[in-house]
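Take a look at the letters that make up each chain.
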Amino acid sequence: MPSLTPTQQALFDALVGLDEGGAVLRLEECRTQLGLGPLVADLVLPVMREIGLGWERGEVSVAQEHLATQLVRSYLESLRRPPVVGGHQVWLACPPRELHDLPLLALALLLWEQGWEIRFFGANTPLHDLHRATRIVHPEIVVISGDDPRRLRAAAVPLDLIAQETTLLLGGRAAHQVEEELPGRVLPPDVVAAAQEIRELLPAARAV
Ligand code: B12
């Protein structure tokens, strides 16, 4: 697979080879040598994308993809220690029926590292409930992301309501396809750039 760097290839091979120890070793090496940004943006997410391409070509099975997803997810979740308390709040969620929340989890980690208090609601979140919660807790920023634009469009009403309460940002492939149709500013596709943009938005972010 020439599109991968040697480091990415090594993680890809460990994941599809069901070699949990090898995969964690690759992830740890990258994190300790390069840090969280390169870990998620240059290793984890490109490798997940490649696993999807392999699945499309019939070279990677659904079982291999599921194990890779679970392993990467539990590794990323293990990095969020200890939780930040008392910082500015960013909430992150996917709309109903949207299950692709790994890039959002990666963004959550980067924001946590920047000292933000993170509430990661994750996949398939009822956005009317989330809207009601914003009226009580007043987070500075709410990020909604997903892969399928139909799931974002279907959430137009609660997105509108959330945008009336706080600063709404949209991410993922879905967001780029609905640009201008829905309220909220679209984040850049690169999660490191997105985390940077959120940091710069802070002074203007609104928590009413
Ligand atoms: C892991 C995975 C799953 C897991 C999700 C696990 C999880 N918790 O996230 C599971 C098994 C649940 C799953 C299910 C399905 N999946 Co899936 N999945 C993937 C896979 C392999 C990796 C996803 C991933 O994390 N990618 C890494 C991200 C970073 O890559 P990206 O999606 O290209 O994102 C780019 C940007 O949009 C941006 N980005 C993405 N999200 C966000 C969020 C924020 C906030 C920001 C700032 C940026 C950002 O980063 C990337 C560019 O740098 C992809 C393959 C792929 N190409 O990605 C398929 C893929 C997304 N899945 C696909 C499909 C078809 C499905 C299913 C319909 C399969 C089925 N028949 O059931 C279901 C739908 C489930 C649902 N209702 O949501 C297709 C989507 C096709 C399309 N878009 O037209 C893909 C592309 C696979 C393929 N090659 O066909 N999937």
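Residues numbered from 1 in each chain as written. Predicted model: local features only at pLDDT ≥ 70, side-chain atom pairs only at ≥ 80, totals over all residues.

**Description of the nonpolar core**
It is characteristic of soluble globular proteins that their nonpolar side chains tend to be buried jointly. As a reminder of what qualifies: Any nonpolar core is a set of buried residues, restricted to Ala, Val, Leu, Ile, Met, Phe, Trp, Tyr and Cys, that join up through C-beta atoms within 7 Å. Backbone-placed C-beta atoms define the burial measure: a residue is buried with 20 or more other C-beta atoms within 10 Å of its own, exposed with 12 or fewer, and partly exposed in between. Numbering of helices and strands starts at the N terminus; helices are DSSP runs of H or I of at least 4 residues and strands are runs of E of at least 2. Boundaries between domains were set according to an automatic or database domain assignment. Note on contacts: each residue gets a C-beta atom placed from the backbone, and two residues are in contact if those atoms are within 7 Å.
With 58 residues, the main nonpolar core has Leu 15, Val 90, Leu 92, Ala 106, Leu 107, Ala 108 and Leu 111 as its most contacted residues. Sort the elements by how many residues they give to this core and helix H5 (residues 102-113) lands first, with nine residues. Two domains each put at least three residues into this core: domain 1 (6-78) and domain 2 (89-204). Apart from the residues within four sequence positions on either side, Val 90 is in contact with Leu 111, Trp 116, Ile 118, Pro 139, Glu 140, Ile 141, Val 143 and Ile 198.

**Side note on the domain arrangement of the protein chain**
The line we're drawing: Note on residue categories: nonpolar means Ala, Val, Leu, Ile, Met, Phe, Trp, Tyr, Cys or Pro, charged means Asp, Glu, Lys or Arg, and polar means any other residue, Gly included.
Splitting the protein chain by domain gives domain 1 (6-78) and domain 2 (89-204). The straight-line distance from the C-alpha centre of domain 1 to that of domain 2 is 24 Å. Contacts between the two partners involve 11 residues from domain 1 and, on the opposite side, 10 residues from domain 2. Contributions of two or more residues to the side of domain 1 that touches domain 2 are made by helix H3 (36-56) and helix H4 (62-78). At seven residues, H3 tops the list of elements feeding residues into the side of domain 1 that touches domain 2. Classifying every residue of the side of domain 1 that touches domain 2 by side-chain character gives eight nonpolar, two polar and one charged.

**Description of the pairing of strand S3 (residues 141-145)**
Test applied: When DSSP finds at least two bridges between two strands, those strands are taken to pair.
In terms of burial, S3 is a largely internal element, five of the five residues being buried. The alternating pattern of S3 places Ile 141, Val 143 and Ser 145 on one face and Val 142 and Ile 144 on the opposite face, and all of these are buried. Two elements, strand S1 (residues 89-93) and S3, share four bridges in a ladder whose sense is parallel. What sits directly across from Trp 91, in S3, is Val 142.

**Focus on the site of the ligand**
The criterion, for reference: We call a residue near a molecule or strand when its C-beta atom, built from the backbone, sits within 6 Å of it.
Within the structure, the ligand sits among 30 residues, and Gly 52, Pro 103, Gly 171, Gly 172 and Ala 194 are positioned closest to it. Counting residues per element, the ones that place at least two in the shell around the ligand are H3, H4, H5, S3, helix H9 (172-178) and helix H10 (191-201). Per-element tally for the shell around the ligand: the top contributor is H3, with seven residues. The residue inventory of the shell around the ligand, partitioned by class, reads 15 nonpolar, six polar and nine charged. Mapped onto the domain boundaries, the shell around the ligand takes at least three residues apiece from domain 1 (6-78) and domain 2 (89-204).

**A word on H10**
Basically, it comes down to this: Arc definition: directions from the helix axis to the C-beta atoms.
For H10, the complete set of buried residues consists of Val 191, Ala 194, Ala 195 and Ile 198. Burial along H10 is one-sided: seen end-on, the buried residues are contained in an arc of 100°. Considering only its buried residues, H10 is in contact with H3, S1, H5, S3 and strand S4 (167-171).

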